[in-house]
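# Survey of secondary and tertiary structure
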Amino acid sequence: MNMLAFAINAVERAPLSDSMTLAGIDYLCRRTRRRLATTPTDVERVFMEDMQRLPVAVHADAANDQHYEVPAEFFKLVLGQRRKYSCCLYPEATTSLDEAEIAALAETVENAGIENGMDILELGCGWGSLSLYLAQRFPGSSITSVSNSISQRVHIEAAAEAMGLRNLTVVTADMNHFSAGRRYDRVLSVEMFEHMSNWEALLGRIRGWLEPDGRLFIHIFTHKDRSYRFDHEDPADWIAHHFFTGGIMPARDLPHRFPDLFHVEQEW
Ligand SMILES: C[S@@+](CC[C@H](N)C(=O)[O-])C[C@H]1O[C@@H](n2cnc3c(N)ncnc32)[C@H](O)[C@@H]1O
């Protein structure tokens, strides 16, 4: 184990002040920036070739241990009322977390062109922020929500019951094996593709789950021009070990690289 990995493991077990934690995060970010600055220029080609060799998702169990099967009660303490486990939108400095969740959900609906009556498939539904919002706002629509977490399904089903919603079905399935078995007007996915290792394989399946005039809406975080995998082989890669095993950082243009499957109509 190298010195940095040793230091990370030591501080993981010790309570630290916020300023020390922030200094540590800053150090690790600068380390990643230095690494990216010195990577060869054909790194994106190699990343794409690697993707084609991998399954749709790797280390799915680790992601569940680190996040998605952590009891929903914990997320009640740290998330907003809608349990949105992805970026929110703050139009004003005074916007609250609960308001920012709704602003982001409304923006997703607008950008995805959702209309009442559509059949909608959400992939990677978390604790149901978007699916419950859609089911409530579009009573004539039917929503199918998928994630690989049983506790997320239990949470969403209880919330739907409490809200009197009958137009929402929640499915527990690993994206490696999920098959929709029918077509939808919209497929939506908010911050799940960063867990997906082989986009071509998944996008190919999604294409078959869309009506001929259907559309796919994807929300991802991105790096401005580099894609990389959080490296589980590197003992000093804190994110790969503690938070995002199997995850990737997509370059901003990554969704454009599958033109045989999807044409990117719009970006925000
Ligand atoms: C970052 S969360 C986003 C949740 C939700 N879209 C939101 O905005 O609150 C990622 C979601 O993808 C799901 N996910 C990750 N890997 C998956 C896999 N291999 N199969 C199915 N779902 C997966 C997780 O269970 C979780 O629901």
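The following paragraphs examine the structure supplied in this document. (Residues numbered from 1 in each chain as written. Predicted model: local features only at pLDDT ≥ 70, side-chain atom pairs only at ≥ 80, totals over all residues. Heavy atoms only, no water.)

## A short note on the pattern of salt bridges
For the structure shown, the criterion picks out 10 salt bridges. Close ionic contact of E44 with R257 constitutes a salt bridge, the shortest N to O distance being 2.7 Å. Placement of E44 in helix α3 (residues 43–53) and of R257 in the segment after β7 (248–249) is noted, with a sequence separation of 213 residues between them. Relative accessible area serves as the criterion here: at 14%, E44 is assigned to the buried category. Salt-bridge contacts for E49 lead to R45; the nearest nitrogen and oxygen are separated by 2.9 Å. With a gap of 4 residues between them, E49 and R45 both fall in helix α3, about one helical turn apart. A residue is classified by how much of its surface remains accessible, and E49, at 35% relative accessible area, is partly exposed. Judged by relative accessible area, R45 falls into the partly exposed class, the value being 44%. Three or more residues are tied together by salt bridges with common partners; here these are D42, R45 and E49. (Salt bridge = Lys/Arg side-chain N within 4 Å of Asp/Glu carboxyl O. Helix = DSSP H or I, 4+ residues; strand = E, 2+ residues; numbered from the N terminus. Buried < 20%, exposed > 50% of the residue type's maximum accessible area, 1.4 Å probe, protein only.)

## Details of the nonpolar core
Note that soluble globular proteins tend to have their nonpolar side chains buried in a common cluster. Among the nonpolar cores identified, the biggest contains 29 residues, and L121, L123, M175, F178, W199 and I206 are the most heavily contacted of them. Among the elements of the structure, α3, β1 (119–123), β4 (184–190) and α9 (199–208) are those that each provide at least two residues to this core. With 4 residues, α9 is the single largest residue contributor to this core. When near neighbours in sequence (up to four residues on either side) are disregarded, I206 contacts L123, V187, F193, L216 and F262. Listed in part, the 23 residues of the second largest apolar core include L132, L134, L168 and V190. (Core = buried A, V, L, I, M, F, W, Y, C linked by side-chain atoms within 4.5 Å. Contact = heavy atoms within 4.5 Å.)

## What about the sheet that holds strand β5 (residues 210–219)?
The strands making up a sheet associate through hydrogen bonds between their backbones, and the pairing can be parallel or antiparallel. Taken in spatial order, the 5 strands line up as β3-β2-β1-β4-β5 in an open sheet, and their pairing is parallel. In this open sheet, the two strands that pair with only one neighbour each are β3 (168–172) and β5. On average, each strand axis in the sheet is inclined to that of its neighbour by 15°, with strand direction left out of account. Sitting on the sheet, helix α7 (residues 129–137) touches β1, β2 (142–147), β3 and β4, and the angle it makes with β2 is about 175°. Taken strand by strand, α9 contacts β1, β4 and β5, and its axis lies near 140° from that of β5. (Pairing = 2+ DSSP bridges. Axes fitted to C-alpha atoms, helices over the stretch in contact; angles between N-to-C directions.)

## Focus: the packing of helix α6 (residues 97–112) against α7
Viewed as axis vectors pointing N to C, α6 and α7 meet at an angle of 70°, and their least axial separation amounts to 10 Å. Between α6 and α7, the angle falls in the class roughly perpendicular. Our pair here, α6 against α7, has a crossing hand that is right-handed. Of α7, the residues touching α6 (which contributes I102, L105, A106, T108 and V109) are S129, L130, Y133, L134 and R137. (Parallel < 35°, antiparallel > 145°, perpendicular 65-115°, else oblique. Left-handed = near helix turned anticlockwise from the far one by under 90°.)

## Here we look at the side chain of S197
Structurally, S197 can be placed in the loop between β4 and α9. By relative accessible area, S197 is classed as buried at 0%. The residues contacting S197, other than those within four sequence positions of it, are M51, L54, P55, V56, A57, V58, R229 and G246.

## Concerning the site of the ligand
Neighbouring the ligand are 22 residues; Y85, S86, G124, G126 and M175 lie closest to it. Contacts to the ligand include G126, whose backbone N or O atom sits 2.8 Å from an oxygen atom. At a separation of 2.8 Å, a nitrogen atom of the ligand approaches a polar backbone atom of M175. Coverage of the ligand by the protein amounts to 97% of the 590 Å² it exposes when considered alone. Looking at the shell around the ligand, its residues break down into 10 nonpolar, 8 polar and 4 charged. (Near = heavy atom within 4 Å. Polar contact = N/O pair within 3.5 Å; in protein donor to acceptor, adjacent residues only side chain to side chain. Areas by Shrake-Rupley, 256 points an atom, 1.4 Å probe, with all protein chains shown as cover. Nonpolar A, V, L, I, M, F, W, Y, C, P; charged D, E, K, R; others polar.)

## Brief notes about the layout of surface pockets
A probe matching the size of a water molecule, rolled over the atoms, marks out where space remains unfilled. For the second largest pocket, the calculated volume is near 1,200 Å³. Around the second largest pocket, the lining comprises 38 residues; the ones closest to its centre are L216, F217, I218, Q266 and W268. Elements with a contribution of two residues or more to the lining of the second largest pocket: α6, α9 and β5. Per-element accounting of the lining of the second largest pocket gives the leading share, 9 residues, to β5. Split by residue class, the lining of the second largest pocket holds 20 nonpolar, 8 polar and 10 charged. (1 Å grid on protein atoms, 1.4 Å probe; cavity = no way out; pocket = protein on both sides within 12 Å on 5 of 7 lines; lining within 4 Å. Points joined across faces, edges and corners; volume = space filled by probe spheres on them.)

## Overview of the packing of aromatic side chains
Two aromatic rings are characterised by how far apart their centres lie and by the angle between their planes. The full count for this structure, using the stated rule, is 13 aromatic pairs. Between the aromatic rings of W199 and F258, the centroid separation amounts to 6.4 Å while the plane-to-plane angle is 35°, which identifies the pairing as tilted. Of this pair, W199 sits in helix α9 while F258 sits in the segment after β7, placing them 59 residues apart in sequence. The buried category is assigned to F258, whose relative accessible area is 6%. Clustering of aromatic rings is evident, with ring pairs tying together Y68, F74, F75, Y85 and W127. When the ring centre of Y228 is taken as origin, the NZ or CZ atom of R35, which lies over that ring, is 5.4 Å away. Over the ring of Y184 we find R182; its NZ or CZ atom is 4.2 Å from the centre of that ring. (Phe/Tyr/Trp six-rings, centres within 6.5 Å; stacked < 30°, edge-to-face > 60°. Lys NZ or Arg CZ within 6 Å of the ring centre and 35° of its normal.)

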